[in-house]
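Topology and contacts: notes
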Amino acid sequence: MKIELPDLSLVCLVGASGSGKSTFAAKYFRSTEVLSSDAFRGWVADDEADQSATEDAFEALFHLAGVRLKRGRLTVIDATHTRREDRAKAVALARAHHAIPVAIVLAPPADVCLERHAGREDRRFSTRVVRNQHRDVLRSLKHLRREGFRHTWVLKEPETIDAATIARVP
Ligand code: GTP
Ligand code: MG
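Residues numbered from 1 in each chain as written. Chains lettered and ligands numbered in written order. Predicted model: local features only at pLDDT ≥ 70, side-chain atom pairs only at ≥ 80, totals over all residues. Heavy atoms only, no water.

Another aspect to go through is the site of ligand 1. The environment of ligand 1 is made up of A16, S17, G18, S19, G20, K21, S22, T23, D38, R116, R120 and R123. For ligand 1, an oxygen atom lies 2.5 Å from a polar atom in the side chain of S17. Here an oxygen atom of ligand 1 sits 3.0 Å away from a polar atom, N or O, in the main chain of G18. Sorting elements by how many residues they give to the shell around ligand 1 places helix α1 (residues 21-28) first, with three residues. Its residues assigned to classes, the shell around ligand 1 comprises one nonpolar, six polar and five charged. (Near = heavy atom within 4 Å. Polar contact = N/O pair within 3.5 Å; in protein donor to acceptor, adjacent residues only side chain to side chain. Helix = DSSP H or I, 4+ residues; strand = E, 2+ residues; numbered from the N terminus. Nonpolar A, V, L, I, M, F, W, Y, C, P; charged D, E, K, R; others polar.)

Counting 23 residues, the largest nonpolar core has L10 and I77 as the members making the most contacts within it. For this core, the elements supplying multiple residues, two or more each, are β2 (9-14), α3 (54-70), α4 (84-96) and β5 (100-106). By residue number, the principal contributor to this core is α3, which donates five residues. Setting aside anything within four residues of it in sequence, one finds I77 in contact with L10, V11, C12, L13, L35, L61, F62 and A90. (Core = buried A, V, L, I, M, F, W, Y, C linked by side-chain atoms within 4.5 Å. Buried < 20%, exposed > 50% of the residue type's maximum accessible area, 1.4 Å probe, protein only. Contact = heavy atoms within 4.5 Å.)

Below is the structure:
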């Protein structure tokens, strides 16, 4: 799949834990382009897993995303974006800065996410959380355009995710 991204995009990665968002972001984008909710939890609370820091982490993340968009820099938000409210905030931010809201959805089969989850030390939550996230992602697909995402790219097979290419277009 050839993913075309307008130069001034705000890209929301959408996917359950273990879907491969951070891996995808590291492969296809500059490190400075990627704002990850985990990293921001780390910066505000010294603990990437501290869920009590989520609100503050997103406040800081959105601030930096806004500054980047104001300066015309493509920005990627690496967070699950499984909840409609979270996606809506990103769309609103993009619009406020005349950037194009883009969703790249990583939705490999739930079993793939769960298998990866099982192999990780840094994810303390239960497999049920991953299953629910996966279900929410699939349910969200038909709403993304209406929510305001101008472009939506949905990658469902690990092979498709692996073989994707990204082209930036003016
Ligand atoms: P959260 O940050 O928990 O939301 O997960 P994530 O969506 O960012 O997943 P991440 O990229 O951290 O990948 C989870 C695990 O799956 C890691 O151990 C990765 O090495 C592995 N992984 C991710 N993408 C791939 C892939 O395309 N192929 C294989 N074999 N492993 C992958
Ligand atoms: Mg991640």
